[in-house]
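Coordinates in review
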Amino acid sequence: MTKILVTGGAGFIGSNFVRYLINHTDTSVTVLDKLTYAGNRESLRGLPKNRFTFVLGDICDASLVHELVRRNDLVVHFAAESHNDNSLRDPSTFISTNLVGTYTLLEAVRRYGTRYHHISTDEVYGDLALEDPDRFTESSPYNPSSPYSATKAGSDHLVRAWVRSFGVEATLSNCSNNYGPYQHVEKFIPRQITNVLDGGRPRLYGAGLNVRDWIHVDDHSSAVLLITTEGKIGETYLIGADGERNNKEVVETILELLGQPRDAYDHVNDRAGHDLRYAIDSTKLRMELGWRPIFSDFNTGLAATIEWYQANEAWWRPQKAQTEATYARVGQ
Ligand code: NAD
Ligand code: TDX
């Protein structure tokens, strides 16, 4: 049985990945998570005690990280400050968690010879024009726009340097925008769903023409698991499910699925430096490792996600008022 250390396992993608591991493998899982505003112990409720351990702590705490890495066979590193809007308000925690935290983990896996998988984002490549026929590939140049994406780009570079200079056994993946259950209400899709459930209206930045390439979080999990077992050391794999949609279309679909008029949304202040379009070409992952997404129909996945938020108000309610108050201060 493999022992896997999952950092950031109380966050959106980490908690879905932990559940995916428990349901699809016989591994035992240890989560290391600081439980920042984005981490939620409730997202890991009900996991089997004989296969799951939760450790409260910071990935920048070198002695704790070394002790946990020493006891595990594989580290999958999700922990991060993950929200672009927050990074525009205060980049400081992005520097410490995303850069120093990754460095701390790399030094530990280097010391114990532990296999490492690095979770990253398509945002490291910057953005594409709306009419550009090209999509991001593993050889696209790095060109991050926000403090968040710059720190993710920096962390990717650290991983490659530790592979080349110190022989660390690492793989990397850069995924497009995830949606699904347990996503914090600060993020686009859960924010709009819960606004409507609260009797309010969706809030679209600018004209709403920015394009994101949506993938269901379970498809991200299946790809990461495959890369950790079949991926080649030192290689990067882009993860995406051909889910390009502009924000206006997504809001209109949410409204329709919730039985509201398709135009019942508000335009609000745009994000500074707002990336126009992300789009992933996942040919390498599909051809070399045989990966395929299961959620090929975005509207079906979105409908299931809406049902999850309807059924789990107790999970999201505690964060909603504070999140909206923070947005209101900047006219969003
Ligand atoms: P999230 O904000 O929902 O979760 C982050 C988790 O990390 C939280 O549980 C938080 O408590 C924990 N954490 C933060 N700082 C920590 C620290 N110093 N020590 C220990 N734990 C800490 O984020 P997410 O959306 O689940 O993203 C997870 C990863 O996936 C990130 O690395 C992100 O860059 C990447 N990613 C996200 C997306 C997306 O669409 N959300 C897409 C591609 C890549
Ligand atoms: O209220 C909103 N209205 C709106 O129009 C919010 C919160 C967002 N938006 C727009 C901004 C983006 O164009 O929706 C799009 C998606 O926004 P976010 O959910 O903040 O995601 P994004 O900035 O694209 O980054 C996400 O995908 C890549 C994750 O948060 C990152 O962690 C990941 O790396």
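Preceding this paragraph is the structure being described.
Residues numbered from 1 in each chain as written. Chains lettered and ligands numbered in written order. Predicted model: local features only at pLDDT ≥ 70, side-chain atom pairs only at ≥ 80, totals over all residues. Heavy atoms only, no water.

Opposite charge on two side chains lets them pair, provided their charged atoms get close. Under the definition given, this model contains 20 salt bridges. Measuring nitrogen to oxygen at the nearest pair gives 3.2 Å for the salt bridge that ties Glu324 to Lys320. Linking Glu324 with Lys320, this pair stays in helix H11 (residues 313-329), spanning four residues, or about one helical turn. With relative accessibility at 21%, the residue Glu324 sits in the partly exposed group. If you follow the salt bridges from partner to partner, you end up with Lys248, Glu252, Glu256 and Arg262 in one network. (Salt bridge = Lys/Arg side-chain N within 4 Å of Asp/Glu carboxyl O. Helix = DSSP H or I, 4+ residues; strand = E, 2+ residues; numbered from the N terminus. Buried < 20%, exposed > 50% of the residue type's maximum accessible area, 1.4 Å probe, protein only.)

Within strand S2 (residues 28-33), six of the six residues are buried, which leaves it mostly tucked inside the rest of the structure. Here S2 shows a buried face lined by Ser28, Thr30 and Leu32 and a second buried face lined by Val29, Val31 and Asp33. Note: strand S1 (residues 3-7) against S2, five bridges, orientation parallel. In the strand pairing of S2, Thr7 is matched with Leu32. For the handedness criterion, the β-α-β arrangement of S1, helix H1 (residues 12-24) and S2 is classed as right-handed. Bridge count between S2 and strand S3 (residues 52-56): five bridges; the pairing is parallel. In the sheet register, Asp33 faces S3, and the bridge partner there is Leu56. (Pairing = 2+ DSSP bridges. Right-handed = clockwise from strand over helix to strand, strands pointing away.)

This paragraph deals with the site of ligand 2. With respect to spatial proximity, 22 residues lie near ligand 2, and among them Thr121, Glu123, Tyr148, Arg271 and His274 are the closest. In this structure, Gln192 approaches ligand 2 through a side-chain N or O atom, which is 3.1 Å from an oxygen atom. A distance of 2.7 Å is found between an oxygen atom of ligand 2 and a side-chain nitrogen or oxygen belonging to Arg212. In the complex, 94% of the free accessible area of ligand 2, which totals 660 Å², lies under the protein chains. When contributions to the shell around ligand 2 are tallied by element, the ones reaching two or more residues are helix H6 (188-197) and strand S8 (203-205). When its residues are assigned to classes, the shell around ligand 2 shows six nonpolar, nine polar and seven charged. (Near = heavy atom within 4 Å. Polar contact = N/O pair within 3.5 Å; in protein donor to acceptor, adjacent residues only side chain to side chain. Areas by Shrake-Rupley, 256 points an atom, 1.4 Å probe, with all protein chains shown as cover. Nonpolar A, V, L, I, M, F, W, Y, C, P; charged D, E, K, R; others polar.)

According to the stated counting rule, one finds 13 aromatic pairs in the structure shown. Here the aromatic rings of Phe94 and Tyr148 are separated by 6.4 Å at their centres, their planes lie at 80 degrees, and the arrangement is edge-to-face. Here Tyr148 lies in helix H5 (residues 147-166) and Phe94 lies in helix H4 (residues 92-112), a separation of 54 residues in the sequence. Taking the relative accessible area as the measure of exposure, Tyr148 reaches 8% and is therefore buried. (Phe/Tyr/Trp six-rings, centres within 6.5 Å; stacked < 30°, edge-to-face > 60°.)

To continue, consider a nonpolar patch on the surface. On the surface, Leu130, Leu209 and Leu276 cluster together into a nonpolar patch covering about 230 Å² of accessible area. Summarising the element assignment, Leu130 is placed in the loop between strand S5 (115-121) and H5. (Patch = residues over 30% accessible without salt bridge, like charges linked within 9 Å, V, L, I, M, F, W, Y side chains within 5 Å.)

With that settled, consider the site of ligand 1. Taken together, 28 residues surround ligand 1, and among them Ile13, Asp33, Ser82, Tyr148 and Lys152 come closest. Within the backbone of Phe12, one N or O atom sits 3.0 Å away from an oxygen atom of ligand 1. Separating an oxygen atom of ligand 1 from a backbone N or O atom of Asn178 is a distance of 2.9 Å. With the chains in place, 97% of the 840 Å² that ligand 1 exposes on its own is no longer accessible. The set of elements that each furnish at least two residues to the shell around ligand 1 consists of H1, S5 and H5. Tallying contributions element by element places S5 first for the shell around ligand 1, with three residues.

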